[in-house]
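# Structure at a glance
In case you want the letters, here they are:
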Amino acid sequence: MTCDLSQTRLHAYFDGELDAIGAAEFERHLESCPDCDMRLAAEEKLRSALAGAQLYTRAPETLRRKLQISLPKAAIPPEVRDPKPSVANSWRWLAIAATVILSVLLGTQYLQKLNHHSQQQAMAAVIVDAHLRSLQPGHLEDVISTDQHTVKPWFDGKIDFAPPVRDFANDGFPLLGGRLDVIDSRTAAALVYGRRKHIVNVFVEKAQPGDSQDASGELQGYHWVAWQQNGFTFTAVSDTAYGDLDQLKQLFLAP
Amino acid sequence: MLEQEDRARFENDVMPHRDAAYNLARWILRGRAQAEDVTQEAFLRAYRSFAGFQTGNARAWLLQIVRNCCFTWLQQNHVAEEMTEFDEQTMPPKPENPESLAMATYDRERLQRALEDLPAHFREIIVLRELEGCSYKEIAAITTRPIGTVMSALARARQQLRTILTEPVPKGASRDL
């Protein structure tokens, strides 16, 4: 059997170059295409073989000396043996620094739990973070199905509650799948919906005292809407319009 | 010549990519000695034109110069290379048997030889992606090709690499590494 799907799609997926929707589509395809599945395994094998073979050849010391002579001396001080942080490296450090600062900020915000507003802000950050994490290639869904009767039983035995799984395709929110996630150290069922070209994550957790009742907000361009229903706390998050999330909430609340 | 400030910038932004530059040259040229000469030449060119490079991806900028120097060198030295540009029309993908692909094992020497046996334009793309970890966008910038061409070339390069790897090993064909 030969798959009709363009092979460049497989490679783009393999290289993490598909966007979240493209990756999700490809993973759906992968479920039903052993041909692509095997090709992907072959690509992985080749990559790990290349990585394991240590083919990367570092510049010899003689080159450094030659450059030292040929470029004006000021370009390379002889005492510099190791490269200074490169652009990529300084960017990496910046990212690490930003992560540290963000972690500290989040941590600090947790310390201010007495302050309801900041608690909500911290929660929003955690939710948006979980949403962004889910959009990384390969992370969106563990069970890929547009059928609520497939998604719902998938959660059985994986979590100690049965999340209400419903498909709202007729209302413009097709169910794409589900996965397990951990939100603020609590296990959550993540239901993934499509909304036009956007992805909506709906996190369902067992309601706990202190959970937001009917809250909403925006963080870094992502909207979130939280509500409680039948002993569950729902949090919908997406980069789609706030009105869309509110509409989804009403669909959940409707009998 | 460069101003003091530019010299410091060159040293900070460009010099650290010596290994990346040398590694790319080593694989395109298939030899260490040539790679050393051509990398040096590329650095000189980069240094001379650095004033025109203001901000952006210094690694991609340098590697673009390196690969251009490499291909110029290959032409000037009349190295027999399959220099034809990648073309989907003239090179339709050969069908592969997925089952046999998953079973194959590759050792280091075979991988080295197989990579060196790839056409130059496939070699550079595999090196940039798999050894240097460049994104498609960076590879497109370095090789001055549209991103779509990069994508299909990469798919073909990997396929051809595997095809070479499944061929029988010729005796005494090892090159220096």
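Attention shifts here to the overall build of chain A. In terms of regular secondary structure, chain A is built from eight helices and seven strands. For chain A, buried positions account for 44% of its 255 residues. Here the analysis covers contacts within chain A between residues at least 6 apart in sequence; of these, 55% occur between residues at least 24 apart. Entry remark: accessible area of chain A is about 13100 Å², with carbon and sulfur atoms responsible for 55%.

What follows deals with the packing of aromatic side chains. For the structure shown, the criterion picks out 16 aromatic pairs over all chains. When the ring of F161 of chain A is compared with that of F232 of chain A, the centres are 5.6 Å apart and the planes differ by 45 degrees; the resulting orientation is tilted. Here F232 of chain A lies in strand β7 (residues 232-238) and F161 of chain A lies in the loop between α7 (148-154) and β2 (175-183), a separation of 71 residues in the sequence. Take F161 of chain A: its relative accessible area is 11%, and that puts it in the buried class. Look at F232 of chain A and you get buried, because its relative accessible area is 12%. With centroids separated by 5.0 Å and ring planes inclined at 80 degrees, the aromatic side chains of F10 of chain B and Y47 of chain B adopt a geometry described as edge-to-face. With F10 of chain B in helix α1 (residues 4-13) and Y47 of chain B in helix α3 (residues 32-48), this pair connects stretches of sequence that are 37 residues apart. Comparing F10 of chain B with Y47 of chain B shows no difference in burial state: the two are buried. One aromatic cluster is present, formed by F161, F168, Y193, W227, F232, F234 and F252 of chain A through successive ring pairs. Over the ring of W154 of chain A we find K158 of chain A; its NZ or CZ atom is 4.3 Å from the centre of that ring. Across from the ring centre of W27 of chain B, 3.8 Å away, lies the NZ or CZ of R26 of chain B, which sits over that ring.

As a further point, take the side chain of E132 of chain B. In this structure, E132 of chain B sits in the loop between α7 (120-131) and α8 (136-143). In terms of polar contacts, E132 of chain B uses its side chain to reach the side chain of Y56 of chain A, at 2.9 Å. Among all residues touching E132 of chain B, those that are not within four sequence positions of it are Y56 of chain A together with A20, N23, R59, L63 and V127 of chain B.

Now for the environment of D142 of chain A. Position of D142 of chain A among the secondary structure elements: in the loop between α6 (116-134) and β1 (143-144). Expressed as a C-alpha distance, the spacing of D142 of chain A and G177 of chain A, which sit 35 residues apart in the sequence, is 7.4 Å.

Another aspect to go through is the sheet that holds strand β3 (residues 186-195) of chain A. All names here are of chain A. Taken in spatial order, the seven strands line up as β1-β2-β3-β4-β7-β6-β5 in an open sheet, and their pairing is antiparallel. In this open sheet, the two edge strands, each paired with only one partner strand, are β1 and β5 (215-219). Two strands pair when backbone bridges link them, and strand β6 (residues 222-229) and β7 are joined in this way by seven bridges, in the antiparallel orientation. By the bridge assignment, H223 is partnered in β7 with S238.

Cut-offs used in this document
- All residue numbers here refer to positions counted from 1 along the written sequence of the relevant chain.
- To read the labels, note that chains go from A and ligands from 1, taken in the order they are written.
- Reporting of local features is limited, given that this is a predicted model, to residues whose pLDDT is at least 70; pairs of side-chain atoms are given and counted only at 80 or more, and all residues count toward the totals for whole chains, interfaces and linings.
- As a rule here, side-chain values cover all heavy atoms of the structure and leave hydrogens and water aside.
- In this description a helix means any DSSP run of H or I spanning at least four residues, a strand means any run of E spanning at least two, and both kinds are numbered starting from the N terminus.
- Only protein chains enter the accessibility calculation, which uses a 1.4 Å probe; a residue whose area is less than 20% of its type maximum is buried, one above 50% is exposed, and one in between is partly exposed.
- We call two residues in contact when some of their heavy atoms are within 4.5 Å.
- In short, Shrake-Rupley with a 1.4 Å probe defines the accessible areas, and a residue's cover is counted only from the protein chains shown.
- Pairing of aromatic side chains here covers Phe, Tyr and the six-membered ring of Trp, requires ring centres within 6.5 Å, and sorts the geometry by plane angle: under 30 degrees stacked, over 60 edge-to-face, intermediate tilted.
- Look at NZ for Lys and CZ for Arg. If either is within 6 Å of the ring centre and within 35 degrees of the ring normal, a charge sits over the ring.
- Two N or O atoms form a polar contact when they lie within 3.5 Å of each other; inside protein one atom must be a possible hydrogen donor and the other a possible acceptor, and for residues adjacent in sequence the pair counts only when both atoms belong to side chains.
- Any two strands with at least two DSSP bridges between them are considered paired.

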